[in-house]
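Survey of secondary and tertiary structure
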Amino acid sequence: MSGHSLSLAINGRERLLADRLIAFEPAAPERTETVAVVGLGYVGLPTACALHDATTQVVGFDISQQRLREIEAGEVDLPAEERRELAAALAGGGLALTSDPAALAAADAVIVCVPTPVDAARTPDLTALRAACRTVVAHARREQVIILTSTTYVGTTRQLLVEPLRELGLQVGEEVHVAFSPERIDPGNFDHVQRRTPRVVGGVTQRCARRAAEVVRRMTDQVYLVSSPEAAELTKLYENIFRAVNLALANEIADACSVLGLDPIEVTVAAGTKPYGFLGSFPGPGVGGHCIPCDPHYLLWQLGRRGLSAPLIEEAMRSIDRRPGRVVQRVVEMLGEAGIDHSGARVLLAGVSYKAGVRDLRESPALPILAGLRRLGIDVHYHDPLLPEIELPGGVRMTSEPEPRGRDWDVTVIHTVHPGADYGWARDCPRVLDATYQFDAVPHRRVL
């Protein structure tokens, strides 16, 4: 791209931002509305907590009685400060928990935050979302604002909300207002709090967008409007697809560094000193969480139904899927180099959650790594202070080693390093495979 065309592109981007970015005053809006949050998981519960400070009443709805009991007891994966805020909101009555869908009818706004995973065939599984939207539509009323936040394929908002509402005789854009505003919650990362993270809103009509923005502004100081729910839906997919491709590339660069005798962290940090044109990621044992391993498949599935392929995205996702197998392979190689038969060898996985500082096990690379090691006859265990018990695919249950001793293991694999946890014992392990590339507490560590 020439310097002139680059300048035009930058200026065009600035004009789009200026036209559609709504900046709100930091002061909280008037406390006039009741907002219902449907689904109180890793997105819904932080959403309810963020709304509490700026809303007269928040109604947290979830079909799981067990989840509601966990929230009431404070047994949730939130930072200590947010747990205190949650306790205060519950004690003061500002946050009411319920499994009664009739409570949704009393809300001025309803925000849908339910999981949208993929099945074993990497096909979108909208079971929870379809059920949630049916419930919301059944209890919708005039002047209500309904906002879908769950990541999904393009067209879902119209399919699951707009069309059913019209069938009920509610005119969207006049009698009821519908929009899509993808969640932007980064669990365990205190640099990305909701208040300072802009949110995208795409309404069915301009009035829908504005009404939805007034609700979303309670969680953020900036709202960016796009032309439609479909544009907002694809925005979220693009964000996570970009991250997936970048992570797949980071792992390939790490493999190249291994062959060339270089440190991929050093190279990535050095490349990151360039103030433009580079957005780096660090390599690791794989990709986990509710977004990156799943969301790109929503677009791939939708494009495939229309006869279109996306080779770059497809290969990135295949690369991500293969990464845990690379960890298993390296463990076997290290055992072989030490003259240890892998059958019956003792291996410990340090950390199993998909991300440091969180208890979230969804799509964690640790699960296929543990399963793969077990299939080879390796006596594998794990240590994770945040997850005392886990279940592998197939129903195999495992419990965390509470106080591991380094010399008890032929190989220790460093998978997730939690802040504040003591990993001094790993120095006594004769062989350490650092799948994070950053565990420098053990001088004799090896990397993938």
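Data block above holds the structure.
These numbers were taken from a predicted model, which means no experiment stands behind them.

Structural notes on the layout of surface pockets
Its boundaries defined by the atoms lining it, the largest pocket holds a volume of some 1600 Å³. In this structure, the largest pocket is lined by 45 residues; those nearest its centre are Asp-186, Arg-243, Leu-247, Tyr-354 and Lys-355. Its residues assigned to classes, the lining of the largest pocket comprises 19 nonpolar, 19 polar and seven charged. Counting residues domain by domain, the lining of the largest pocket receives three or more from each of domain 1 (19–227) and domain 2 (285–434). The computed volume of the second largest pocket comes to approximately 1400 Å³. Taken together, 42 residues line the second largest pocket, and the ones lying closest to its centre are Pro-46, Asp-77, Leu-78, Pro-79 and Glu-82. Where the lining of the second largest pocket is concerned, the elements lending two or more residues are helix 2 (44–52), helix 3 (65–73) and helix 4 (80–92). Counting residues per element, the lining of the second largest pocket draws most heavily on helix 4, which supplies five residues. Looking at side-chain class alone, the lining of the second largest pocket contains 20 nonpolar, seven polar and 15 charged residues. For the lining of the second largest pocket, the two domains that each supply at least three residues are domain 1 (19–227) and domain 2 (285–434).

Notes on empty space enclosed by the protein
Applying the stated criterion to the full structure yields one cavity of 30 Å³ or more. Each pocket or cavity is described by its volume, and for the largest cavity that value is around 40 Å³. The wall of the largest cavity is formed by Val-43, Thr-47, Ile-111, Cys-113, Thr-149, Glu-183, Arg-199 and Met-219. The class makeup of the residues in the lining of the largest cavity is four nonpolar, two polar and two charged.

Quick notes on the packing of aromatic side chains
Evaluated as defined, the whole model comprises three aromatic pairs. An angle of 45 degrees between the planes, with centres 5.0 Å apart, marks the rings of Tyr-153 and Trp-301 as tilted. One end of the pair, Tyr-153, is in the loop between strand 6 (145–148) and helix 6 (156–167); the other, Trp-301, is in helix 10 (residues 295–305), and 148 residues separate them in sequence. We classify Tyr-153 as buried; its relative accessible area is 8%. Judged by relative accessible area, Trp-301 falls into the partly exposed class, the value being 24%. Ring-pair connections join several aromatic residues into one group, and the members of that group are Tyr-423, Trp-425 and Phe-439.

Considering helix 6
In a regular helix each residue adds 1.5 Å, so 12 residues correspond to 16 Å; helix 6 covers 16 Å between its end C-alpha atoms and thus fits that length. The complete set of buried residues in helix 6 reads Thr-156, Thr-157, Leu-160, Leu-161, Val-162 and Leu-165. Seen along its axis, helix 6 keeps its buried residues to an arc of 155 degrees; they face one direction. Buried-residue contacts for helix 6 involve helix 5 (127–138), strand 6, strand 7 (177–180) and helix 8 (229–260). A positive phi of about 95 degrees marks Gly-169, the residue just after helix 6.

Comments concerning the pairing of strand 3 (residues 57–61)
The side chains of a regular strand alternate, residue by residue, between the two faces of the sheet. Burial within strand 3 is extensive, with four of its five residues counted as buried. Relative to strand 3, strand 2 (residues 34–38) runs parallel, the two being bridged by five bridges. Among the inter-strand pairings, Thr-34 is bridged to a residue of strand 3, identified as Gln-57. Taken together, strand 2, helix 2 and strand 3 form a β-α-β motif whose crossover is right-handed. Across four bridges, strand 3 lies against strand 4 (residues 95–98) in parallel orientation. Looking at strand 4, one finds that Val-59 is bridged to Ala-96.

Quick word on the sheet that holds strand 15 (residues 432–434)
Spatially, five strands are ordered 11-10-14-15-16 in an open sheet, and the strand pairing comes out parallel. Sheet topology places strand 11 (379–383) and strand 16 (446–447) at the edges, where each strand pairs with a single neighbour. Where strand 14 (residues 411–414) and strand 15 come together, three bridges link them in parallel fashion. By the bridge assignment, Val-413 is partnered in strand 15 with Leu-433. Each of strand 10 (346–350), strand 14, strand 15 and strand 16 is contacted by helix 11 (residues 311–337), which is oriented at about 150 degrees to strand 15, the strand it contacts most.

Rules used throughout
- The residue numbering used here restarts from 1 in each chain and proceeds along that chain's sequence as written.
- With the structure being a predicted model, the display of local features is reserved for residues of pLDDT at least 70 and the display and counting of side-chain atom pairs for 80 or more, all residues being used for whole-chain, interface and lining totals.
- Calculated side-chain values reflect all of the structure's heavy atoms, with hydrogen atoms and water omitted.
- Of the two site types, the cavity is a set of points on a 1 Å grid over the protein atoms alone where a 1.4 Å probe fits but cannot get out, and the pocket is an open set with protein on both sides within 12 Å along at least five of seven lines, each lined by residues with an atom within 4 Å of a point.
- Grid points are joined across faces, edges and corners, and a volume is the space filled by probe spheres set on the points.
- Note that Gly is not counted as nonpolar here; it falls among the polar residues with everything else outside the nonpolar set of Ala, Val, Leu, Ile, Met, Phe, Trp, Tyr, Cys and Pro and the charged set of Asp, Glu, Lys and Arg.
- Each domain's extent was defined by an automatic or database domain assignment.
- A run of DSSP states H or I qualifies as a helix once it reaches four residues; a run of E qualifies as a strand once it reaches two. Both are numbered from the N-terminal end.
- By convention, a stacked pair of Phe, Tyr or Trp rings (six-membered ring in the case of Trp) has centres within 6.5 Å and planes under 30 degrees apart, an edge-to-face pair has planes over 60 apart, and any other such pair is tilted.
- Each residue's exposure class comes from its accessible area (1.4 Å probe, protein chains only) as a fraction of the maximum for that residue type: buried when under 20%, exposed when over 50%, partly exposed otherwise.
- Here the expected length of a helix is defined as 1.5 Å per residue gap, with one fewer gap than residues.
- The arc refers to the directions leading from the helix axis to the C-beta atoms.
- In what follows, a contact means two residues having at least one pair of non-hydrogen atoms within 4.5 Å.
- Each pair of strands is called paired provided DSSP finds at least two bridges between the two strands.
- Note on handedness: a clockwise path from strand one over the helix to strand two, with the strands aimed away from the viewer, defines a right-handed crossover.
- Note on geometry: axes are lines fitted to C-alpha atoms, helical ones only across the stretch in contact, with angles between N-to-C directions running from 0 to 180 degrees.

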